[in-house]
Amino acid sequence: MNKNFLIILVAAAVLIAAGSWLVNQPQTVLAKGQKAKFQLPANAVQVSDNLYSLGTAFDRQSGKRVEGYAIIHRKDGNARPGGAKTKATACYDFLAKDAKWRWLEPWIVNSANTRGLDPTFVFNNLAVDIAKWETAASYNILGDGIMTDIILVADTSAPDNQNEVYFADLSDPNTIAVTIIWGIFGGPTFNRKLVEWDQVYDDATFDWSMSGEAGKMDFENIATHELGHAVGMGDLYNSSCSDETMYGYAANGETKKRDLNAGDIAGINKLY
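Criteria and thresholds
Residues numbered from 1 in each chain as written. Predicted model: local features only at pLDDT ≥ 70, side-chain atom pairs only at ≥ 80, totals over all residues. Heavy atoms only, no water. Salt bridge = Lys/Arg side-chain N within 4 Å of Asp/Glu carboxyl O. Helix = DSSP H or I, 4+ residues; strand = E, 2+ residues; numbered from the N terminus. Buried < 20%, exposed > 50% of the residue type's maximum accessible area, 1.4 Å probe, protein only. Core = buried A, V, L, I, M, F, W, Y, C linked by side-chain atoms within 4.5 Å. Contact = heavy atoms within 4.5 Å. Polar contact = N/O pair within 3.5 Å; in protein donor to acceptor, adjacent residues only side chain to side chain. Disulfide = S-S within 2.5 Å. Expected span 1.5 Å × (residues − 1). Pairing = 2+ DSSP bridges.

Here the structure, examined in full by the defined rule, presents 10 salt bridges. Its salt-bridge partner being D169, residue K37 comes within 3.3 Å of it at the nearest N-O pair. Of the two residues, K37 is situated in strand β1 (residues 37-38) and D169 in strand β7 (residues 163-170); the sequence distance between them amounts to 132 residues. In this structure K37 comes out as exposed when scored by relative accessible area, which is 62%. For D169, a relative accessible area of 22% translates into the label partly exposed. The residue D207 makes a salt bridge to R115 at a minimum N-O spacing of 2.5 Å. Taken together, the residues span a long stretch of sequence, with D207 in the loop between β9 (193-202) and β10 (208-209) and R115 in the loop between β5 (107-110) and α2 (119-137) at a distance of 92 residues. A relative accessible area of 33% means that D207 is categorised as partly exposed.

Rendered as structure tokens:
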């Protein structure tokens, strides 16, 4: 059978499955004035200043026991070095060696927000930012996205095999965004894998911009960094790596993380 035809069949199957999942979800919409909220569970264990362990859970899709982590992205000046340790000779790092995606899953976005970001822009920009990582890796890593008005809930106790993105009031006012990753990060490297990612962007404390406005967080700048975590990249805290997308600090009006730097590109190529 033609290889291209097989690829088309697989992509169609993924989209049909995602559409079926959406149809079967309760179509709950936030009431006017109601605000989505997010906070880490009480049993989350702080591994470092910007990284929390969510424990282990059973993943239905892989049939494996997996670990969950929440990666906190704080505003420059409020963040402190932590998380993954930067390599001494290369400006890239991974959540864990060879922990990467082994299959495609669709991602789902509720882009409603209180800071004036156009919902269509949010969706389209996420797709563009994912494409940056996939182009650098020459590998289709995260698949296609779908917009929804369903209330999404980031999974902090167990994966539900849905990769969700939305805006909410984050309990820590210094937190710009949170990426939650579930996967197998230990044991033999050939067995390591990522099985789910969720992202929450704060629109209670932070203003957002589509064009790098001063005094606002640039969505593309932050999202490109967060999606680096979604594909398996770790944070960097070495000041010599400050031009990398995966550098762990962010500031209002910053746009340099929009484009992958040499270390980002070298890292994603090594991982995939």
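And the narrative resumes.
So, on to the nonpolar core. Counting 49 residues, the largest nonpolar core has L126, L142, Y201, W208 and F219 as the members making the most contacts within it. Of all the secondary-structure elements, those providing two or more residues to this core are β5, α2, β7, β8 (175-184), β9, α3 (219-230) and α4 (262-271). Ranked by the residues each element gives to this core, the list is headed by α2, at 8 residues. Formed by 21 residues, the second largest nonpolar core is a distinct cluster that contains Y52, A168, L170 and W182.

Relative to the assigned elements, R65 resides in strand β4 (residues 64-74). Residue contacts for R65: discarding those within four places in its chain leaves T56, A57, F58 and I184.

Let's shift gears to the side chain of H229. Tracing the backbone through its elements, the reader meets H229 in helix α3. A distance of 3.3 Å separates the side chain of H229 from the side chain of H225, its partner in a polar contact. Filtering out sequence-adjacent residues up to four positions away, H229 remains in contact with I71, L95, T179, I181, G234, D235 and M246.

Attention now moves to the state of the cysteines. Taken as a whole, this structure holds 1 disulfide when the rule is applied. At a sulfur-sulfur separation of 2.1 Å, the disulfide partner of C91 is C241. Handedness here is read from the sign of the S-S torsion; for C91 and C241, about -80°, the answer is left-handed. You can see C91 sitting in the loop between β4 and β5 and its partner C241 sitting in the loop between α3 and α4, a full 150 residues away along the chain. As far as burial versus exposure is concerned, C91 and C241 are alike and both buried.

Spanning 19 residues, α2 covers 28 Å between terminal C-alpha atoms, matching the ideal 27 Å at 1.5 Å per step. On the buried face of α2, the contacting elements are β5, β6 (145-147), β7, β9, α3 and α4. You can read the cap of α2 off the contacts: a side-chain oxygen lies 3.1 Å from the backbone nitrogen of T120, and it is on D118. Immediately downstream of α2, the backbone of S138 shows phi near 55°, a positive value.

Turning to unusual backbone geometry, a few remarks are in order. With phi around 65°, D98 is a residue other than glycine that occupies positive phi space. Tracing the backbone through its elements, the reader meets D98 in the loop between β4 and β5. A relative accessible area of 22% places D98 in the partly exposed class. Of note in the backbone geometry, S138 takes a positive phi value of approximately 55° without being a glycine. Structurally, S138 can be placed in the loop between α2 and β6.

A few words now on the pairing of β7. Burial analysis of β7 places 7 of its 8 residues in the buried class, which makes it a mostly covered element. Bridge analysis of β1 against β7 gives 2 bridges, and the strand direction is parallel. The partner of K37 across the bridge, within β7, is D169. In this structure, β5 lies alongside β7, joined through 4 bridges in parallel fashion. Its bridge partner lying in β7, V109 is registered against V165. By the bridge criterion, 4 bridges tie β7 to β9 in an arrangement that is parallel. Bridge assignment links A168 to a residue of β9, and that residue is D202.

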